[in-house]
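Residue-level structure breakdown
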Amino acid sequence: MVMTFNNVLNKKTGKKVTLTYKGTGFLVGPNIVLSAGHCVCTDVSKKNDLDNGIFDPCFPDKIEFYFGADGSKDVDKGSSYEWYAKANVAYIQRKYYESTSFDYDWSAIQLDRNIGYELGWNGRVANFYKEGATIESYGYPGDKPKTMWSSVGTMKNKTEYKYITDLDSYKGQSGSPYFVSTSLANHFVCGIHTSGYEDYNAGTIINVFYAYLLNKQLFLNYSFLVTRISADPVRFMMLSVS
């Protein structure tokens, strides 16, 4: 998952630059990807020569996916890569845009093609917590050569919105799925990796609202309150949740 931000001002040189960031996303439908909210809405002008002194999260001009990429040789193919797709619409929760709190750090992205019919998707998404339960994740850490890596750990705790785990992670794995198994036949996604700290990692819990959104509003196009906050080619929408 590659996010491109155009025309970001470098205060030192006075020139505008293009920035790219990498993350991870996973299919939950023919053309629906789940990822972290900060992968599609973040303040890119807050460090070093780009620091403009204000908090101004923004949205990328382009979001591209290279599903199953196995190194630079695949990503460098660009749109000619067999399992390439682009974002058409990205959804985030309004509370995340207003606060950038990890409590609401999730996004749902609608692709420009039904690539899930070729690759398959994670059809079981549910809420689950049990202290000590084994949890797995698969993503693209930034310290590796654009290859997918797995990480296995345990659930340590949770809050209303977040899982606390001891999974090993690195930048670039944000947006990775959290998998749990309650039996050999019951394997499903329960969360989205979002953050790492010195003594623990954390991910957004897929709660009842997210499940309803995915099952009803995105797939079946039910009406819901959104605000369009960006122009094409990628549309970004904020979900207002009571």
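Residue numbering note: each chain is counted from 1, following its sequence as written. Side-chain atom pairs in this predicted model are given and counted only at pLDDT of 80 or more, local residue features only at pLDDT of at least 70, and totals for whole chains, interfaces and linings cover all residues. To obtain the side-chain values, all non-hydrogen atoms of the structure were included, while hydrogens and water were left out.

Before going further, it helps to spend a moment on the overall build of the protein chain. Put simply, DSSP H or I for four residues or longer makes a helix, DSSP E for two residues or longer makes a strand, and each gets a number counted from the N terminus. What the protein chain contains, in helices and strands, is four helices and 15 strands. We call a residue buried when its accessible area falls under 20% of the maximum for its residue type, exposed when it is over 50%, and partly exposed in between, using a 1.4 Å probe and counting protein chains only. Counting only residues that meet the buried cut, the protein chain has 46% of its 242 residues in that class. A sequence separation of at least 24 residues applies to 60% of the contacts in the protein chain between residues at least 6 apart. Surface accessibility of the protein chain: about 12,200 Å² in total, with carbon and sulfur atoms responsible for 49%. Throughout, a residue-residue contact means that at least one pair of heavy atoms, one from each residue, lies within 4.5 Å. Per-residue accessibility takes into account occlusion by the displayed protein chains alone, with areas from the Shrake-Rupley method and a 1.4 Å probe.

Before going further, it helps to examine the sheet that holds strand β13 (residues 201-205). One bridge is not enough; two strands pair if DSSP finds at least two bridges between them. With antiparallel pairing, the six strands of this closed barrel are ordered in space as β8-β9-β10-β13-β12-β11. Geometrically, the sheet is characterised by an average inter-axis angle of 45 degrees between neighbouring strands, direction not taken into account. As paired strands, strand β12 (residues 186-196) and β13 are joined by five bridges and run antiparallel to one another. Across the sheet, the residue bridging to histidine 193 is glycine 203, located in β13. In this description, a line fitted to the C-alpha atoms serves as the axis of each element, helices being fitted only across the stretch in contact, and the angle between N-to-C directions of two axes falls anywhere from 0 to 180 degrees.

Before going further, it helps to examine the environment of leucine 19. Note that leucine 19 resides in strand β2 (residues 16-22). Using a relative accessible area of 16% as the deciding quantity, one classes leucine 19 as buried. On a C-alpha basis, the gap between leucine 19 and proline 60 in space is 9.2 Å, while along the polypeptide they are 41 residues apart. When sequence neighbours within four positions are dropped, the list of residues in contact with leucine 19 reads Met3, Thr4, Phe5, Val8, Val44 and Leu50.

Let's shift gears to the nonpolar core. Joining through side-chain atoms within 4.5 Å is the link that ties buried Ala, Val, Leu, Ile, Met, Phe, Trp, Tyr and Cys residues into a set, and such a set is a nonpolar core. Met1, Val33, Ile63, Phe65, Phe67, Ile109 and Leu111 are the most contacted members of the largest nonpolar core, which has 26 residues in total. Looking at this core, the elements that each hand over two or more residues are β1 (2-9), β5 (62-66), β6 (84-93) and β7 (107-111). When residues in this core are grouped by element, the largest group, four residues, is from β6. Other than its neighbours up to four places away in sequence, phenylalanine 67 contacts Leu27, Val33, Tyr81, Trp83, Ala85, Leu111, Ile115 and Leu119.

Positionally, alanine 36 belongs in the loop between β4 (32-35) and β5. In sequence terms alanine 36 and serine 195 are 159 residues apart; their C-alpha atoms lie 9.3 Å from each other. Ignoring anything within four residues of it in the chain, the contact list for alanine 36 reads Asp105, Trp106, Ser107, Ser174, Gly175, Ile192, His193 and Thr194.

What follows is about the pattern of salt bridges. Here a salt bridge means any side-chain nitrogen of Lys or Arg lying within 4 Å of a carboxyl oxygen belonging to Asp or Glu. Counted by the stated rule, this structure contains four salt bridges. The salt bridge involving aspartate 74 is made with lysine 77; its shortest N-O contact spans 3.9 Å. The buried category is assigned to aspartate 74, whose relative accessible area is 8%. Of the charged contacts, one joins arginine 113 and glutamate 118 as a salt bridge, the two residues approaching to 2.6 Å between their closest N and O atoms. Of the residues examined, arginine 113 reaches a relative accessible area of 26% and is grouped as partly exposed. Take glutamate 118: its relative accessible area is 47%, and that puts it in the partly exposed class. Residues joined by salt bridges that share partners form a network here, namely Lys73, Asp74 and Lys77.

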